[in-house]
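The lines below spell out each chain.
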Amino acid sequence: MKKNGLLTNKCLHLLLFLKDIKIFFSSCDLCGQPCQTYPLLCGYCYQDLSLFMFNSVQGDLLNWPAIDRALPKNVFDRLICLAPYLWPFTQWLIQLKYNGRFEIAELFAQLLHDCWRSLSTTFITEPPQLILAVPLHVKKWQSRGFNQAHLIADAFSILTKIPYQAQAIIRTIHTDSQVGQSGRIRRKNLRNAFSLHSNQLVLPEHVILIDDVVTTGSTANEICKLLKKHGVKHITLLSVCLSLPK
Ligand SMILES: [Zn+2]
């Protein structure tokens, strides 16, 4: 299906057609009404979502002083998250990660795509050439069976037509859950936890890195350090939720 990391046009059109069919038969996960634009989400419930507003921060959450203060020493250059870590996103993330509801990854990808499209016409001056996702260590991948960030990135790549390389980054060190750990401890645990699949890999100047939730930014920062060592100049960190450390 993929040729040089890119879906062929025929496959792309088929996948987009299937997406429209899926929406037609989909009912809203929150209220049960028919869906119009997104799978699992009707127009009324979409209007009720607490999505971040980007116009006042020039398309970058790092321009929001409270967020910039909470995420010091960023190695990524732009931060785009759909929403704070609140219901219904919390419920959807749990269902995706622990109940294997993969259709939620498609909903996230479509919401991210619409957000990205509206920002890219006004604020994104450096068009990205590649999408990457935060990888799981093979042990965690084996126990879970999938990587939720990969599912979101793959669907987002189809919608944006920006190539996605699923294998580019490898997580070489297994860390236990980082939930509840301070930024300092997370940074220590994650030091040298990632490597590139091949030193021969040629990375473009602008990359989008996708994760499901950004908390301290430590994981993304470790990956961004590695990417910048290998020639990447501008990294947009794109995630579904932002859950700032308390
Ligand atoms: Zn609804």
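Numbering of residues starts from 1 in every chain and runs along the sequence as written. pLDDT decides what is reported in this predicted model: residues at 70 or higher carry local features, side-chain atom pairs at 80 or more are listed and counted, and totals for whole chains, interfaces and linings draw on all residues regardless.

Novice: In this structure, what is going on with the nonpolar core? I would like to understand it.
Specialist: In summary, soluble globular proteins display a tendency toward joint burial of nonpolar side chains. Among the nonpolar cores identified, the biggest contains 56 residues, and Phe-108, Ile-152, Val-207, Leu-209 and Ile-210 are the most heavily contacted of them. Of all the secondary-structure elements, those providing two or more residues to this core are strand S3 (78–84), helix H4 (89–99), helix H5 (103–122), strand S4 (130–133), helix H7 (148–160), strand S7 (206–214), helix H9 (218–229) and strand S8 (234–242). For each domain, the first and last residues come from an automatic or database assignment. Residue contributions to this core reach at least three from each of two domains, namely domain 1 (1–48) and domain 2 (59–242). By definition, residues are in contact whenever their C-beta atoms, placed on the basis of the backbone, come within 7 Å of each other. Ignoring sequence-local partners within four residues, the contact set of Leu-209 consists of Phe-76, Leu-132, Val-134, Ala-220, Ile-223, Cys-224, Ile-235, Leu-237 and Leu-238. Only buried Ala, Val, Leu, Ile, Met, Phe, Trp, Tyr and Cys residues enter a nonpolar core, and they are joined through C-beta atoms within 7 Å. Here exposure depends only on C-beta density: within 10 Å of a residue's C-beta, 20 or more other C-beta atoms make it buried, 12 or fewer make it exposed, and intermediate numbers make it partly exposed, the C-beta atoms being placed from the backbone. The helix and strand labels rest on DSSP assignments: H or I over at least four residues marks a helix, E over at least two residues marks a strand, and numbering proceeds from the N terminus.

Novice: How should I be thinking about H5 in this particular structure?
Specialist: An α-helix turns once every 3.6 residues. As a result, residues three or four positions apart point the same way. With 20 residues, H5 ought to run about 28 Å at 1.5 Å a step, and its terminal C-alpha atoms sit 30 Å apart, in line with that. Among the residues making up H5, those that are buried are Ile-104, Ala-105, Glu-106, Leu-107, Phe-108, Ala-109, Gln-110, Leu-111, Leu-112 and Trp-116. Buried residues belonging to H5 abut S3, H4, H7 and S8. Multiplying one less than the number of residues by 1.5 Å gives the expected span of a helix.

Novice: What exactly am I supposed to notice about the pairing of S4 here?
Specialist: The side chains of a regular strand alternate, residue by residue, between the two faces of the sheet. Of the two faces of S4, both are covered, the one formed by Leu-130 and Leu-132 as well as the one formed by Ile-131 and Ala-133. Two strands pair when backbone bridges link them, and S4 and S7 are joined in this way by four bridges, in the parallel orientation. Looking across to S7, one finds that Ile-131 is bridged to Ile-208. At least two bridges found by DSSP between two strands are what make those strands a pair.

Novice: Even after reading the chapter, I still don't get the pairing of S7, so can you show me in this structure?
Specialist: Burial analysis of S7 places nine of its nine residues in the buried class, the great majority of the element. With eight bridges connecting them, S7 and S8 associate as parallel partners. What sits directly across from Ile-208, in S8, is Thr-236. What joins S7 to S8 is H9, and the crossover it makes is right-handed. Throughout, right-handed denotes a crossover for which the path from the first strand over the helix to the second runs clockwise when the strands point away from the viewer.

Novice: I'm lost on H4 in this one. Help?
Specialist: If you check which residues of H4 are buried, you get Phe-89, Trp-92 and Leu-96. In a view along the axis of H4, the buried residues occupy a sector of 65 degrees, so they form one face of it. The outward face of H4, more than 90 degrees from its buried face, is lined by the exposed residues Ile-94, Tyr-98 and Asn-99. Residues of H4 that are buried sit in contact with S3, H5, H7 and S8. Positive phi shows up at Gly-100, right after H4, with a value of about 65 degrees. Within this analysis, the arc is defined by the directions that extend from the helix axis to the C-beta atoms.

Novice: Whenever I open this one, the confidence of the model for the chain confuses me. Can you help?
Specialist: Low pLDDT marks regions whose predicted coordinates should not be analysed in detail. Scored by pLDDT, the chain has a mean of 86; 83% of the residues are at 70 or more. Each residue carries a pLDDT value, the predictor's own confidence for that position, ranging from 0 to 100. Taken as a whole, residues 1–6 scores under 50 in pLDDT and shows seven contacts with residues more than four places along the chain or in a different chain.

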